[in-house]
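# Topology and contacts: notes
Spelled out, the chains give:
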Amino acid sequence: MSRRNTGPDEPADDGSTPRRSRRASRSAGANDFSQRYGQAPTNDIPAHGALHEPRATDRYVRGRTRLTVRELMEQMNAGGEVAPGGPAAPQPPADDDPTTVHRFGDLTRFPNENEVTQKIPTVRPGDVDVDLSDDATRQRVTEESRGQGSRARPLQPTPDLTDTIPPRSRPRRHPATDSDRRRTLSRNVTTGGRIMVAVACVMALVGTGFVWGYMKSVNGSWKTINAVNPEDSNIRKKDAQYGDENYLIVGTDTRTGQNSKVGAGTTADAEGARSDTVILVNIPANRSRVVAVSFPRDLQVDRPDCQQWDNNAGSYGAALPASSGVKLNSVYADGGPKCLVSVITQMSGLNINRFIAMDFFGFEKVVKAVGGVQVCSPTPLYDYELGQILRKPGEQKLTGRRALNYVRARNIASEGNGDYGRIKRQQLFMSSLLRSTLSGNVLSNPNKLNSIVNTFIQYSFVDGVNTQSLLNLAESMQGIEAGRVTFVTVPTSGTSTDGQNNEIPRTDDINAIFNAIIDDDPLPGEKAKKQAASSSSSKSSSSSSPSSPSTPTRLSATAQDPGNVGVRVLNGSGRTGAAAELSDQLVPMGFDVRGVADASENRDDTVIRYGTGEQDSAATLAAMFPGASIQLDRNVKSGVEVIVGKNFDGSMDATPASGSTISVGQLPPASSSSALPNDLAVTNAGDTTCS
């Protein structure tokens, strides 16, 4: 910024000295080095006219005495004028490269110039056309200031004066002693631990809220299809089912798209889509338990009038006439989800209000998202179609293709029961997945839960299912135990003889199962809900421990011809394959073996149960098993049932001669409050036995 009052740019015509700054108004002689300080040590070299020693007052130029560029040039004699009081001193030559640092070596001509410096270029009149007037200088200063930008601090928002004023900081205390420090450290550790627990709880709640908020945001991503029919006339006791949630879950077998890459086969093997897995899940209104009923894929059913189903387009077409004696998996292939729901409703009487379907590829993706599922098998598993399923016995985690093969395999020789072995493995697999979920491995991990939800939505299509319904279900079932989840398999009585090999359903027993579900009656193998500590231990032990036999009484009977004895073999030993081994022994002896299955209960002893008029047939079999007894059971409708106990080691006595008198042990009649069959295959989700 220049001085307010400066002299004119040119000297006045009257010859007076123009008004200038204090420094400029002094005579040149006043600043001459020799006049003020005497002669410097001479080396016969004239002094440099443009360089002189400044006074102390000139070393700091105050703001009120700043000079313009013109005045500064005049003081430095930049214009080449001769300073008064002496001849003009020689000027250094003009520098062609003014930005280069020079080192002056000619000390004979220019004394005191032996330092590293940068020469100021000489500006001669006419070299550049620069306006050095005060107005032009002020304009340049203003423009340069604007170019540098404003350094003013931005305005701060007005503080919210309604907030609580923070308390004053505590005054400093005197230095603490060692004992005080130890007490403070202990208190801080305890408080810090509580804070960490509180933070973890809050983060868990926030994470859960985020997950559910995220799920709500993807609510519109569900792929829906018309399947359920709440007005079906086959629904039984509809009022008694009010508030129940009934999910029909279907695993589809389709060879199109990505499914061929996971070993499902190709469209040349089979076109369309079939229901490979059908599970009906009942969750009662009081949310006290969960019952999942599995249906064999080859179950013989009667299909009602439906519409033709195009699985690729996901749409219904022309009318499909009713048909009887068809396989269950063909119902989905021909009539789609709506027709399958109608068939299962007719068989169960349940009001199916939710439908979920997923193919092989989607199942594999979901298992990967979960991170694998832990399973346990007492023996290696080999399927002659899919190959090696499990190479070694024991616990192991399955994921991806191995998990898919584990739940798909139907031809494992060591199981010997075809589709029922596959159903059992599916139930064990889902039980392990449920235990893992309830233990917090999934629900406490928002990232994993989001991945599962995304994968499930992407590879499934539903009816009656949305985010809100799942949220309501999850909230209503908080705290449920794995032991309150039971898997049941629909019982059958062998296969058809028409060449279709359909599984013949036992209609009366199936009705008994679903009546118990509708009426909330207890099921075999179902663990009682935990009550007080004393009562819970007794109930759980009674429900999970093997049945202990009463003392039998001796009974005389007449031996029957093996060909007249119809028998079903049930495995109550807990050892895989025990029933199949016994069946292989009975068939060569001439007995009419009508089926092999798992018993509803595990026993230590072997017992032969019979219905009305079958006492002699039961005694004939009991005479062949060391230590076996017979027992009357009104739930045995035809023939006899052998329940293999843990004491069976595979050895048997010879078949008694037909018509001979035999003596066997007789147990008191079986007491049962329901009409449920003895061979009801049950898997409890809380059972961690390796089987």
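In this report, we go over the structure that sits alongside the text. (Residues numbered from 1 in each chain as written. Predicted model: local features only at pLDDT ≥ 70, side-chain atom pairs only at ≥ 80, totals over all residues. Heavy atoms only, no water.)

## Brief notes about the pairing of strand 13 (residues 387–390)
Going by this rule: In short, DSSP must find at least two bridges between two strands for them to pair. Runs of H or I in DSSP of at least four residues are treated as helices and runs of E of at least two as strands, each being numbered from the N terminus.
Pairing geometry for strand 12 (residues 381–383) and strand 13, over three bridges, is antiparallel. Following the sheet pairing, Asp 383 is matched in strand 13 by Gly 387.

## A few points about helix 11 (residues 467–476)
Heads up, the condition is: The buried label applies to any residue whose accessible area, calculated with a 1.4 Å probe on protein chains only, is under 20% of its type's maximum; exposed applies above 50%, and partly exposed to all values in between. Definition of a polar contact: a pair of N or O atoms within 3.5 Å, with one able to donate and the other able to accept a hydrogen when the atoms are protein atoms, and with sequence-neighbouring residues admitted only if both atoms are side-chain atoms.
For helix 11, the complete set of buried residues consists of Thr 467, Ser 469, Leu 471 and Leu 473. Sitting at the amino-terminal end of helix 11 is Asn 466, which places a side-chain oxygen 3.2 Å from the backbone nitrogen of Gln 468.

## Digging into helix 8 (residues 401–408)
Our working rule: Contact definition: two residues touch when any of their heavy atoms are within 4.5 Å.
A large share of helix 8 lies buried, amounting to six of its eight residues. When we look at burial in helix 8, the residues that qualify are Ala 403, Leu 404, Asn 405, Tyr 406, Val 407 and Arg 408. Next to the buried residues of helix 8 lie helix 7 (360–370), strand 11 (373–377), strand 12, strand 13, strand 14 (394–398) and helix 9 (419–438).

## Re the state of the cysteines
Under the convention used in this document: Whenever a pair of cysteine sulfur atoms sits within 2.5 Å, that pair is classed as a disulfide.
What the rule picks out here adds up to two disulfides. One disulfide bridge connects Cys 306 with Cys 339, the sulfur atoms lying 2.0 Å from each other. Across the disulfide from Cys 306 to Cys 339, rotation about the S-S bond amounts to roughly 70 degrees, and the bridge is consequently right-handed. Note that Cys 306 is positioned in strand 7 (residues 306–310) and Cys 339 in helix 6 (residues 328–348), a separation of 33 residues in sequence.

## As for the pattern of salt bridges
Applied cut-off: Between Lys or Arg on one side and Asp or Glu on the other, a salt bridge is scored when a side-chain nitrogen of the former is within 4 Å of a carboxyl oxygen of the latter.
Within this structure, the stated rule accounts for 16 salt bridges. We note a salt bridge from Arg 297 to Asp 298, for which the minimum N-O separation is 3.7 Å. Using a relative accessible area of 16% as the deciding quantity, one classes Arg 297 as buried. Where Arg 603 meets Asp 605, a salt bridge forms, and the shortest distance between an N and an O atom there is 3.1 Å. Exposure class is identical for Arg 603 and Asp 605. Each is buried. One salt-bridge network, held together by shared partners, links Asp 276, Arg 297, Asp 298, Arg 410 and Arg 422.

## With respect to the environment of Ala 675
Within the secondary structure layout, Ala 675 lies in the loop between strand 25 (661–667) and strand 26 (682–684). Ala 675 sits 41 residues away from Arg 634 along the chain, and the two C-alpha atoms are 8.4 Å apart. Once residues lying within four places of it in the same chain are set aside, the contact partners of Ala 675 are Asp 509, Ala 512 and Asn 635.

## A closer look at the packing of aromatic side chains
Filter applied, for reference: The rule is short: rings of Phe, Tyr and Trp, with Trp giving its six-membered ring, pair when the centres are within 6.5 Å, and they are stacked under 30 degrees, edge-to-face over 60, tilted in between. Note on geometry: a ring has a charge over it if NZ (lysine) or CZ (arginine) is within 6 Å of the ring centre and within 35 degrees of the ring normal.
Evaluation of the coordinates by the stated rule reveals eight aromatic pairs. Residues Phe 361 and Tyr 459 carry aromatic rings whose centres are separated by 5.5 Å and whose planes lie at 75 degrees to one another, so their mutual orientation is edge-to-face. Here Tyr 459 lies in the loop between helix 10 (446–458) and strand 15 (460–463) and Phe 361 lies in helix 7, a separation of 98 residues in the sequence. Members of the aromatic cluster, each reached through a chain of ring pairs, are Trp 309, Tyr 316 and Tyr 332. A cation sits over an aromatic face here: Arg 408 above Phe 360, 4.4 Å from the ring centre.

## A short note on the nonpolar core
Quick reminder of the rule: Working definition of a nonpolar core: buried Ala, Val, Leu, Ile, Met, Phe, Trp, Tyr and Cys residues. They are joined through side-chain atoms within 4.5 Å.
Counting residues in hydrophobic clusters, the biggest one holds 42 residues, and the most contacted among them are Leu 248, Phe 295, Leu 328, Leu 340, Ile 344 and Phe 355. If one sorts the elements of this core by residue count, helix 6 sits on top with nine residues. Ignoring any residue separated from it by four or fewer positions in sequence, one finds Phe 355 in contact with Ile 225, Ala 227, Val 228, Leu 248, Val 250, Tyr 332, Pro 337, Val 341, Phe 461, Val 462, Asp 463 and Val 465.

## Side note on the environment of Ala 623
Mapped onto the secondary structure, Ala 623 falls in the loop between helix 15 (615–622) and strand 23 (629–632). Along the chain, Ala 623 and Ser 663 lie 40 residues apart, while their C-alpha atoms are 7.5 Å from each other. With near-sequence residues (within four places) excluded, Ala 623 lies in contact with Asp 653, Pro 656, Ile 662 and Val 664.

## Concerning the sheet that holds strand 22 (residues 607–610)
The following threshold applies: Angles run from 0 to 180 degrees between N-to-C directions of axes, and those axes are lines fitted to C-alpha atoms, restricted for helices to the stretch in contact.
Reading across the sheet, the seven strands line up as 19-25-23-22-24-20-21 and stay open at both edges, with mixed pairing between neighbours. Strands at the two margins of the open sheet, each flanked by one partner only, are strand 19 (553–558) and strand 21 (592–598). Looking at each pair of strands side by side, their axes are set apart by 35 degrees on average, direction ignored. Relative to strand 24 (residues 640–644), strand 20 (residues 566–571) runs parallel, the two sharing five bridges. Bridged to Arg 568 within strand 24 is Glu 641.

Read these as spatial facts, not as claims about activity.
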